[in-house]
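Residues per chain are reported as follows:
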Amino acid sequence: MFIDQYPPASIMKFGFVSSPRWSTSITAVANGGERRNRNWQHPLHSFSAPEAVECHEHLAALHNMWMATAGPLHTFPFRDPLDFASRDLPAADVEPPIGPTDQVIGIGDGQTTEFQLVRRYSFGGQQYARTIAHPIVSTVSVAINALPPDDPTLPGGPWTWSVDRETGVVTFNKPIRLGDVVTAGFLFDVEVRFENDDSYDGIVRSWRVSGHADLVFVEVRPC
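Every value quoted in this text rests on a predicted model; they were computed, and no experiment measured them. (Residues numbered from 1 in each chain as written. Predicted model: local features only at pLDDT ≥ 70, side-chain atom pairs only at ≥ 80, totals over all residues. Heavy atoms only, no water.)

A.B. asks: Could you give an account of the pattern of salt bridges, with specific residues and numbers?
C.D. replies: Using the criterion set out here, one finds 10 salt bridges in the structure. For E34, the salt bridge identified is with R36, shortest N-O distance 3.0 Å. Taking the shortest distance from any N to any O, the salt bridge between R119 and D83 comes out at 4.0 Å. Placement of the pair is R119 in strand β8 (residues 118-123) and D83 in the loop between β5 (76-78) and β6 (103-107), with a sequence separation of 36 residues. (Salt bridge = Lys/Arg side-chain N within 4 Å of Asp/Glu carboxyl O. Helix = DSSP H or I, 4+ residues; strand = E, 2+ residues; numbered from the N terminus.)

Shown next, in the form of structure tokens:
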């Protein structure tokens, strides 16, 4: 179950390190070269905050959360400090000015009413499209051919729309015309959980020995 509640503010004030991890099989061949195979279509992130638990208040807040989530059983939202918007951040944890034309999320075909939010990353002609499953609904803005969907000058319009918090799917009240470009801007969260069933035990032991403990959350990929 996804519990739509952020971790306690007392814990989140610490700077988390974001690490997107891919799975790649690399095999050496006889001539000294190598073959590489991409095992995952999408990376999985881990988020770690060294020494995030440093007092009883932090431990108590974490204990309450741990009990409610049944450890790693239930998931919750987390804001990646390095990547949480439809465009690049000006600095870590700094919100950029987002707009409705930031990302292309689809081209109308005269039949489709639902479009998935995506965030694209480009380098040297290579592009990766990331599915955005947990947008912050209040921040989502949408455009059709760079105009608001309710603009009376849009041929075939106006349109009304909504976005699902748990899927990132934008739904229009009627199909988008053939060839019309649908774009969106947004902020988003990542669905995460505690690392494993032993996480809390390790935190308590470390805190009692040294007075502080690291905290790690891991991303859960939507099925």
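A.B. asks: Could you give me a rundown of the packing of aromatic side chains, with the residues and numbers involved?
C.D. replies: Applying the stated criterion to the full structure yields 13 aromatic pairs. With a centroid separation of 4.9 Å and 70° between ring planes, the pair formed by W66 and F194 is classed as edge-to-face. Residue W66 is found in helix α2 (residues 56-68), and its partner F194 is found in strand β15 (residues 188-194); the two are separated by 128 residues along the sequence. Neither W66 nor F194 differs from the other in exposure class; each is buried. Centroid distance F76 to F217: 5.2 Å. Interplanar angle 85°. Geometry classified as edge-to-face. On the criterion of sequence distance, the pair formed by F76 in strand β5 and F217 in strand β16 (residues 213-219) is long-range, its members being 141 residues apart. Across the pair, F217 and F76 agree in class, each one buried. (Phe/Tyr/Trp six-rings, centres within 6.5 Å; stacked < 30°, edge-to-face > 60°. Buried < 20%, exposed > 50% of the residue type's maximum accessible area, 1.4 Å probe, protein only.)

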